[in-house]
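Each chain, letter by letter, is given below.
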Amino acid sequence: MSEVRYVRPQTFPPVIKNLLIINVLVWLAQLFYDKKYALTDKLSLQPILPRQLKQVLVDNHVITTDYGFNPYQIITHMFAHASYGPPPDYDIIFYHILFNMFALWMFGRVLESVWGAKRFLLFYLACGVGAALFHLLIQYFRCEMLLHHIEAGAVIDPEQLSGAIASAVGASGAIMGVLAGFAFLFPNTELFIMFLPIPIKAKWAVGALILFDLLGGTIGVAGDNIAHFAHLGGALTGLIIVYIWNKTNRKTLY
């Protein structure tokens, strides 16, 4: 017989509390020091550009020679958020970190209360790394296709170019892993989504988010600056990890 175990989540378990503090402190540092030290550019996940494409972009003054990927960005990008932009984007900048931190607190505290601090931290970081690697892989293929079109003499849409070489920043990939893990363990938990009058089960709500990222990443929308494949990479990593952990722990039913 399965053992049914109820765990009341702490309001601010230690890992969640420290992740919230670190993210907010890094964001504040970006706001104060970005223009002077280009902090966001250093912390964000830069694309791995094919050598030929990078040379073409440098020759045409699209990027500088110091533009590029550094391995530490696989970790640092998930602790930084959007920090500057033209006046119409000020609200978006604030909401970026606000929604990410709210989702981390809302769902992550449940997983940390169930798993414990060490296992949750490992899960969270693994989802962030998985998101980064999947994003880099897809972006590299996009750059290869772009290089092929350039060599063939095709006219490249500036928006298509900027999307292919754009950097990624934010905890969203890791948090999508948290959402996927929560939906896997607690699929029938009813969630109240803003502006919707009826509750939606976690499995359908998170499934809809994954579908949104899948469509957004494959179809593409003008002006969309969301790293959809990073979200998908985080969700996939989270599902794989929780599936493996749950498979070896059949005596516990959450």
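Above: the structure in question.
Cut-off values and rules
- Residues numbered from 1 in each chain as written.
- Predicted model: local features only at pLDDT ≥ 70, side-chain atom pairs only at ≥ 80, totals over all residues.
- Heavy atoms only, no water.
- Helix = DSSP H or I, 4+ residues; strand = E, 2+ residues; numbered from the N terminus.
- Buried < 20%, exposed > 50% of the residue type's maximum accessible area, 1.4 Å probe, protein only.
- Contact = heavy atoms within 4.5 Å.
- Core = buried A, V, L, I, M, F, W, Y, C linked by side-chain atoms within 4.5 Å.
- Axes fitted to C-alpha atoms, helices over the stretch in contact; angles between N-to-C directions.
- Parallel < 35°, antiparallel > 145°, perpendicular 65-115°, else oblique.
- Nonpolar A, V, L, I, M, F, W, Y, C, P; charged D, E, K, R; others polar.
- Expected span 1.5 Å × (residues − 1).

**Some words on the overall build of the protein**
Counting its regular elements, the protein contains 10 helices and 4 strands. Each helix and strand of the protein, ordered N terminal to C terminal, gives the series β-α-α-α-α-α-α-α-α-β-β-α-α-β. Across the 254 residues of the protein, 40% fall into the buried class. Partitioning the contacts of the protein with sequence separation of at least 6, the portion at a separation of at least 24 is 73%.

**Structural notes on the nonpolar core**
One finds Leu104, Leu111, Trp115, Phe120, Phe123, Tyr124 and Ile175 to be the most contacted residues of the largest nonpolar core, which totals 41 residues. For this core, the secondary-structure elements that each account for two or more residues are α1 (14–37), α5 (90–115), α6 (117–151), α8 (172–185), α9 (202–219) and α10 (228–247). For this core, the element with the most residues is α5, which contributes 11 residues. Core analysis: the next-biggest nonpolar cluster, separate from the first, contains 12 residues, Cys143, Leu146, Ala164 and Ile165 among them.

**Re the packing of α1 against α6**
Relative to each other, α1 and α6 sit at 45 degrees, their axes nearing to 9 Å. Between α1 and α6, the angle falls in the class oblique. On α6, the residues that touch Pro14, Val15, Ile16 and Leu19 of α1 are Ala117, Phe120, Leu121 and Tyr124. Considering only residue class, the contact of α1 with α6 consists of 8 nonpolar, no polar and no charged.

**Here we look at the environment of Leu209**
Examined against the element boundaries, Leu209 turns out to sit in helix α9. Along the primary structure Leu209 and Ala235 are separated by 26 residues, whereas in three dimensions their C-alpha atoms are 9.9 Å apart. Setting aside chain neighbours within four positions, we find Leu209 in contact with Met176 and Leu179.

**Some thoughts on α8**
With 14 residues, α8 extends 20 Å between its outermost C-alpha atoms, agreeing within 8% with the 20 Å of an ideal straight helix rising 1.5 Å per residue. For α8, the buried fraction is high: 13 of the 14 residues fall into the buried class.

**A short note on α6**
Between its first and last C-alpha atoms α6 spans 51 Å; for 35 residues at 1.5 Å apiece the expected length is 51 Å, and the two agree. A positive backbone phi angle near 85 degrees is found at Gly153, which sits one or two residues after α6.

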